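Notes for the structure review
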Amino acid sequence: MRQLLSGVAAARGCALGRARMRLPHRLEIEVSTIAADAVAAEIARFRAAVAEVRAEMRALRERLQGALASELGDFVDLHALLLDDPELLSGIDTLIRTGPYSADYALRLQRNRITAAFEEMDDAYLRSRIDDIDHIIERLHGALHNRKAALPGVSGDILITDNIAPAELAQLQAQGVVGVVTAAGSPLSHSTIMARSLHLPLVVGASQALLKAKDGDVLLLDGGSGLVILEPDAADLRAHHARVTQVRQERRQLNRLRREPSRTLDGVDIKLWANAETRDDASEAHALGAAGIGLFRSEFLFLGRGELPDEETQFRAYRDVVLAMTGRMVTIRTLDLGADKAERSGLALRQEANPALGLRGVRLSLALAGMLRTQLRAIVRASGYGPVRVLIPMLSGIEELQAVRSSLDNAMRELRAEGREIAAKVPLGTMIEVPAAALALPSFLKLADFLAIGSNDLVQYLLAADRTNEALEALYTPLHPAVLRVLHDVTRTARRRGVPVTLCGEIAAEPAFAPLLLALGLDELSLHPSHLLEVRQAIRGCELTRLRADAPALLRARTRAGIERWLDAHRSAKH
């Protein structure tokens, strides 16, 4: 019998398949003791499970390539680090010995102890990490019973579960899962971001799905609307097939835009840059007609190593990306790491209670002057092979910009003295992601050759809302009047001084937001190559003169609902 189950749209796409249920994993294990002479064997059994899960994490990490390695790698690495947490492992060993308990029951007790400690923390971000603990505990429990993380025979299925880890999504898609429905979750979570990168349809917050669906039921899923239909009727199937046909036609039309300009209806060209972190990303961006690389994340060169990359290693990586872009500008961001990722990069940093507000970005680079010098020399050397510019992350004041400018000038003098072929000028720009930088912009704008607005962190810091915390889902939104005002003011201030501004972040990759960004004065966007054609298509349907004329009405909006009404009005007018 047909039933309509509503959820929250998370990752666009339609899917038709059989329901595959995965009930919530609660580790409701009864007290289980073992004989004293079985303790050694039980500890060995637990350690074997840890080794198995660690190998799964390592294998998954090695399969990741390019931008997917960036998106998913952090989550996989976090779970791998949890497996090495002495608090988790030694605690379970102790429980097995002193109980003496079975490994299963010791796992449950230790999980409860750790999550209880997390729940008492004042920091909302740390409390939200309970999900990561649960994902690892579930993997360990499965390994103890030879229950593989992979679900057998799921090709063509739609998974229905309470929640899902980002690391699982790539595995599920590789097994043939065509969509996912979760009872919990957030459209702003790590898992949602990952599903979008994988183009895997996802609906979250469908609380009735676990109660009403069962294995083998037919499901129709629309990740763009949040609609889930249980046992769809003939009309639903006809609509689905029509939608699939439409999507195929849209993809063919998008492919025709590879060599078309990103030009509005009234003839204004908008620069679409690409985000990248490998030469393959740059090659894809080039093939799709990107204006250049607007954000090359240099972190991938530092992560997963036991030591810092030397100048030659960095130079070769930067040079290869520059060559791949055949004369188009490449923007290389200096290292943007903090204490939360330092131990995977060869850096020895003290752990911090709040890494997001700690020694990271340009603060870290200036604290480690030798590391910054090495990176700047490598970037400047790459400028001998094509246009390059340097981007500073996490800047909050003029002193940091002055210090990096001095280091860059020194690097260029040194390399010229060594007889290296380098560009006459390497432009230096700064990320606008700390509210202080946005407010103090006039005081240091004369020192910056360009700006890049990092919308993800800017929204997070401006609204004091962690975008990965589901409890703050209603608070974290780029469609906040304060966010729009900052975007508008930064863009207007920079334009008056003749300084170009690029917007990076999730909002730049969302075609529906293109009219809003253009209205606010932005004319350069940087986004993942996989979204470039969709955003180009959206821009080609916009009339810039009209949007700019309607900007005052947008800025007068006092609520998110008011901003959404403005967007809906322009969407309706376009159609």
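Everything here concerns the structure above.
A brief report on the enclosed structure follows. (Residues numbered from 1 in each chain as written. Predicted model: local features only at pLDDT ≥ 70, side-chain atom pairs only at ≥ 80, totals over all residues. Heavy atoms only, no water.)

So, the overall build of the protein chain
Counted only if it meets this: Working definition: helices are DSSP H or I runs of at least four residues, strands are E runs of at least two. Numbering for both runs from the N terminus. The Shrake-Rupley method, run with a 1.4 Å probe, gives the accessible areas here. Residue values count only the displayed protein chains as cover.
Helix and strand counts for the protein chain come out as 24 helices and 16 strands. When the accessible surface of the protein chain is summed, it comes to about 24,700 Å², and 51% of that surface belongs to carbon and sulfur atoms.

Comments concerning the packing of aromatic side chains
Inclusion rule: The criterion for an aromatic pair is that two Phe, Tyr or Trp rings (for Trp, the six-membered ring) have centres within 6.5 Å, with stacked assigned to planes under 30 degrees apart, edge-to-face to planes over 60 apart and tilted to the rest. Summary of the burial criterion: residues with accessible area below 20% of their type's maximum are buried, those above 50% are exposed, and those between are partly exposed, where the area comes from a 1.4 Å probe applied to protein chains only.
A complete count under the given rule lists four aromatic pairs for this structure. Note on Phe296 and Tyr318: the rings are 6.1 Å apart at their centroids and 90 degrees apart in plane angle, and the pair reads as edge-to-face. Of this pair, Phe296 sits in strand E10 (residues 293-297) while Tyr318 sits in helix H12 (residues 311-324), and the two are 22 residues apart along the sequence. With relative accessibility at 0%, the residue Tyr318 sits in the buried group. Summarising the aromatic geometry, the rings of Phe315 and Tyr385 are spaced 5.9 Å apart at their centres and angled 50 degrees between planes, so their arrangement reads as tilted. Residue Phe315 is found in helix H12, and its partner Tyr385 is found in the loop between helix H14 (369-382) and strand E12 (388-392); the two are separated by 70 residues along the sequence. Under the relative-accessibility criterion, Phe315 is labelled buried at 5%. Overall, the relative accessible area of 44% leaves Tyr385 in the partly exposed class. Aromatic rings pair up to connect Phe296, Phe300 and Tyr318 into one cluster.

Looking at the pattern of salt bridges
The cut-off we apply is this: By convention in these notes, a salt bridge is any Lys or Arg side-chain nitrogen within 4 Å of a carboxyl oxygen on Asp or Glu.
Counted under the stated rule, the structure contains 31 salt bridges. With its nearest N and O atoms 3.2 Å apart, the salt bridge here joins Asp217 to Lys214. Note on Asp217: relative accessible area 7%, which makes it buried. Classification of Lys214 as exposed rests on a relative accessible area of 54%. Across the pair Glu418 and Arg420 runs a salt bridge, and its minimum N-O distance is 3.5 Å. Accessibility expressed as a relative area gives 38% for Arg420, which makes it partly exposed. Connected through shared salt-bridge partners, Glu311, Glu312, Arg316, Arg373, Arg377, Arg381, Glu414, Glu418 and Arg420 make up one network.

A short note on the sheet that holds strand E16 (residues 524-527)
For clarity, the cut-off: By the convention used here, strands pair only if DSSP detects at least 2 bridges between them. Here an axis means a line fitted to C-alpha atoms, over the contact stretch when the element is a helix, while the angle between two N-to-C directions is reported on a 0 to 180 degree scale. Throughout, a contact is declared for two residues whenever any of their heavy atoms are within 4.5 Å.
One closed barrel holds the eight strands; their spatial order is E9-E10-E11-E12-E13-E14-E15-E16, and the pairing between them is parallel. Averaged over all pairs of adjacent strands, the angle between their axes in this sheet comes to 25 degrees, without regard to strand direction. Sitting on the sheet, helix H18 (residues 455-463) touches strand E13 (428-432), strand E14 (450-454) and strand E15 (501-504), and the angle it makes with E14 is about 60 degrees.

Observations regarding H12
Filter applied, for reference: Expected span of a helix, by definition, is 1.5 Å for each gap between consecutive residues, and there is one gap fewer than residues.
Taking 1.5 Å per residue, 14 residues should reach 20 Å; H12 reaches 20 Å between its end C-alpha atoms and fits that length. Looking at the buried side of H12, the elements it contacts are helix H11 (279-287), E10, strand E11 (330-333), H14 and E12. Thr326 occupies a position one or two residues after H12 and carries a positive phi of about 40 degrees.

Some details on the sheet that holds strand E1 (residues 3-6)
Adjacent strands of a sheet form backbone hydrogen bonds with each other and so pair up, either parallel or antiparallel. The eight strands lie next to each other as E1-E8-E7-E3-E4-E5-E6-E2, forming an open sheet whose pairing is mixed. If you trace the sheet from one side to the other, it starts and ends with E1 and strand E2 (8-11), each paired once. Averaged over all adjacent pairs, the angle separating strand axes in this sheet is 30 degrees, with direction ignored. Bridging between strand E3 (residues 14-22) and strand E7 (residues 218-222) involves five bridges; their strand directions are antiparallel. Opposite Ala15, over in E7, you have Leu221 as the bridge partner. Helix H10 (residues 234-255) rests against E3, E7 and strand E8 (227-230) of the sheet, and its axis sits at about 120 degrees to E3.

Considering the pairing of E3
Put simply, side chains in a regular strand alternate between the two faces of the sheet. Sheet analysis places E3 next to strand E4 (residues 157-161), joined by five bridges and oriented parallel. Paired with Arg18 across the strands is Asp157, a residue of E4.

Things to note about the pairing of E14
With five of its five residues buried, E14 lies for the most part within the structure. Side-chain alternation along E14 places Phe450, Ala452 and Gly454 on one buried face and Leu451 and Ile453 on a second face that is also buried. Direction of pairing for E13 relative to E14: parallel, over a ladder of four bridges. Within E14, the position partnered with Thr430 by the bridge is Leu451. Looking at chain direction, E14 and E15 are connected through four bridges and run parallel. Paired with Ile453 across the two strands is Leu503, which belongs to E15.

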